[in-house]
Amino acid sequence: MLPAGLPPEPTAARASLSAEGRKRLFPNATDAEWADWRWQQRHAVRGLEQLERYVPLTSNERAGVQETSALFRIGISPYYLSLIDPEHPFCPVRMQSIPVRAEARIRPGELADPLGEDKTRPEECIVHKYPDRVLFLALDTCSVYCRHCTRRRITQGGVAELSKEQLRRGVDYVRSHPEVRDVLISGGDPFMLSDSRLEELLAPLSEIPHVEMIRIGTRVPVCLPMRVTDALAKTLRRYAPVFVVTHFNHPKEVTPEAREACERLVDHGVPVENQAVLMRQLNSDARIIKELSHLLLRSRVRPYYLHQMDVAEGCEHLRTPIAKGLEIIQQLRGYTTGLAVPHLAVDLPGGGGKVTLQPDYAVEYGAQETVFRNYKGERFTYPEPEETDCTCPYDGVWQERAPRYGYRKG
Ligand SMILES: *Cc1c(COP(=O)(O)O)cnc(C)c1O
Ligand code: SF4
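All of these numbers come straight from a predicted model, not from anything done at the bench.

## Remarks on the overall build of the protein
Assigned secondary structure in the protein consists of 17 helices and twelve strands. Relative to a compact globule of 410 residues, whose C-alpha radius of gyration would be 22 Å, the protein shows 23 Å and is just as compact. In terms of principal-axis extent, the alpha carbons of the protein reach across some 70 × 60 × 55 Å. Per-residue burial over the protein gives 37% buried out of 410 residues.

## Re the sheet that holds strand S12 (residues 379-383)
What the three strands build is an open sheet, ordered S10-S11-S12; its pairing is antiparallel. This sheet does not close on itself; its edge strands, each paired only once, are strand S10 (362-365) and S12. If you compare each strand with its neighbour and ignore which way they point, the axes differ by 20 degrees on average. Sheet topology places S10 next to strand S11 (residues 369-373); three bridges connect them, and they run antiparallel.

## Let's talk about the domain arrangement of the protein
With domains assigned, the protein is organised as domain 1 (15-359) and domain 2 (361-410). Each of domain 1 and domain 2 has a C-alpha centre, and these two points are 36 Å apart.

## Points about the sheet that holds strand S4 (residues 213-217)
Where strands meet in a sheet, backbone hydrogen bonds hold them as pairs that are either parallel or antiparallel. Strand order in the open sheet made by the nine strands is S1-S2-S3-S4-S5-S6-S7-S8-S9, with mixed pairing throughout. Each edge of the sheet is formed by a strand with only one pairing partner; in this case those strands are strand S1 (126-130) and strand S9 (353-357). Taking each pair of neighbouring strands and ignoring which way they run, the sheet shows an average axis angle of 30 degrees. In this sheet, strand S3 (residues 182-186) lies alongside strand S2 (residues 133-137) in parallel orientation, the contact comprising five bridges. Bridging across to S3, Phe136 finds its partner in Ile185.

## Observations regarding the nonpolar core
Counting 88 residues, the largest nonpolar core has Tyr80, Val134, Phe136, Ala138, Val183, Leu205 and Ile214 as the members making the most contacts within it. If we ignore the near neighbours within four places in the chain, the residues touching Ile214 are Val183, Ile185, Leu202, Leu205, Ser206, Tyr239 and Val242.

## Quick word on the site of ligand 2
With respect to spatial proximity, the complete set of residues near ligand 2 consists of Cys142, Tyr145, Cys146, Cys149, Arg151, Thr155, Gly187, Gly188, Asp189 and Arg219. Broken down by class, the residue content of the shell around ligand 2 amounts to four nonpolar, three polar and three charged.

## A few points about the pairing of strand S6 (residues 272-277)
Here three bridges tie strand S5 (residues 242-246) to S6, and the two strands are oriented parallel to one another. Within the sheet, the bridge partner assigned to Thr246 lies in S6 and is Asn274. Where the polypeptide runs from S5 across helix H14 (residues 256-267) and back to S6, its parallel neighbour, the crossover connection is right-handed. Relative to strand S7 (residues 301-307), S6 runs parallel, the two sharing six bridges. Bridging from a neighbouring strand, Val272 pairs with Val301 of S7. For the crossover that starts at S6, traverses helix H15 (residues 286-298) and ends in the parallel S7, the hand is right-handed.

## Overview of the site of ligand 1
The environment of ligand 1 is formed by Val127, Lys129, Tyr130, Arg133, Leu135, Leu184 and Lys354. Sorting the residues of the shell around ligand 1 by element identifies S1 and S2 as the ones contributing at least two each. A total of three residues in the shell around ligand 1 trace back to one element, the largest contributor, which is S1. In terms of residue class, the shell around ligand 1 is made up of four nonpolar, no polar and three charged.

## Considering the packing of H15 against helix H16 (residues 322-332)
In the contact formed by H15 and H16, the axes pass within 9 Å of each other and the chain directions differ by 55 degrees. If you check the angle between H15 and H16, you find them oblique. Remark: the crossing between H15 and H16 carries right-handed chirality. Side by side, H15 and H16 meet where Ala286, Ile289 and Lys290 of the first sit next to Ile328, Gln331 and Leu332 of the second. Broken down by class, the residue content of the contact of H15 with H16 amounts to four nonpolar, one polar and one charged.

## Overview of the UniProt feature "binding site: [4Fe-4S] cluster" (unreviewed entry) in the protein
When the UniProt feature table is mapped onto this chain numbering, "binding site: [4Fe-4S] cluster" (unreviewed entry) sits at Cys142, Cys146 and Cys149. Mapped onto the fold, Cys142 is located in the loop between S2 and helix H9 (152-155). Leave out the neighbours within four places in its chain, and Cys142 touches Gly75, Thr155, Gly188, Asp189, Met192 and Arg219. For Cys149, the position within the fold is in the loop between S2 and H9. Residue Cys149 is classed as buried on the basis of its 23 C-beta neighbours within 10 Å.

Rules of the game
Residues numbered from 1 in each chain as written. Chains lettered and ligands numbered in written order. Predicted model: local features only at pLDDT ≥ 70, side-chain atom pairs only at ≥ 80, totals over all residues. Helix = DSSP H or I, 4+ residues; strand = E, 2+ residues; numbered from the N terminus. Rg over C-alpha atoms; globule rule 2.2 N^0.38 Å. Buried ≥ 20, exposed ≤ 12 C-beta atoms within 10 Å, placed from the backbone. Pairing = 2+ DSSP bridges. Axes fitted to C-alpha atoms, helices over the stretch in contact; angles between N-to-C directions. Domains from an automatic or database assignment. Core = buried A, V, L, I, M, F, W, Y, C linked by C-beta atoms within 7 Å. Contact = placed C-beta atoms within 7 Å. Near = placed C-beta within 6 Å. Nonpolar A, V, L, I, M, F, W, Y, C, P; charged D, E, K, R; others polar. Right-handed = clockwise from strand over helix to strand, strands pointing away. Parallel < 35°, antiparallel > 145°, perpendicular 65-115°, else oblique. Left-handed = near helix turned anticlockwise from the far one by under 90°. UniProt positions renumbered as here; feature names shortened; annotations may be inferred.

Next up, the structure:
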């Protein structure tokens, strides 16, 4: 019984999207099997024949599967498959997991290595592009192979099967580069490793004195939420600060299961951030991004980046004009919680790194004043101060004293 005066429990009446799909597609799976991520992996759909059994494919999708078969693998966990709308080819879950013909078309200017990562890859598993942080490519497998994956040269399999020796060399690289204070473990999907394999990576990295933080990029909370067990969350917490950076692109993906996975991490003291990718006709609309942000915040996940799609082979059909991303940000800023507004990031083709864009709110810069327009387009003036010396006299003192009191150099 609910205490008097409270509204009825809203979840009680709500149908579960994945339960519905599961009943239709995997009626024989037991609860224990469904909740077991290894069962999910063993039953992932990996080819056309299998896929046809579960989803009535359009001719575009059927041809897409055939024409991309030599280019990039297919893999869809039963859970993610259960979210697919069997009637609508524009279902965002479907668009992210089933290829279409356009994916087989490589346009002029598209790159196999769109971010120029291979130029800054001192070790097989290290991308060192920015001064103080590295990307650590731990493996080449994923729970679902995203049709928009721009690292498919790695996740297509075979090439980057990383040996223990290569991983050790990666850790050695970080150890011998004292400027690296932030390690972003990615791949592939690091949560496809067993807890103990993951720990074999986290333990030595977190022991390196100059490594201040670790981030793990994963799509597991979205595509395989049952992988986020208490044991996994506890393992991560042991190596704090570990941030999990996940990858929800559409509100439909924020199911009760996905939400529980995120909250389990947060409850264990592991902050979760989200990087979404803007994709044409999938989430290229301010209303959708706003709903996504709101659902994420309610799951205690902080929207971090909204990525402009990279210029990667076979992704042209998913790219939006730069102006669309800016328009979306403009429609969020001021209209919703500031925390719900992600940074719009463009990772520059060829290896320039990420830059962020935002609508220009400053209208005129002057020595005396700066003129702005606010989110509604109204003009406001900000007077410049008389004094402009911004040096901080105490900083020299602080830098000298801080180490004595156990503050590490930032
Ligand atoms: C995105 C990225 C990072 C992390 O960038 P942040 O802006 O710190 O989140 C680090 N290395 C590489 C190669 C990247 O692409
Ligand atoms: S989970 Fe990440 S690395 Fe794996 S296919 Fe999707 S986008 Fe690519």
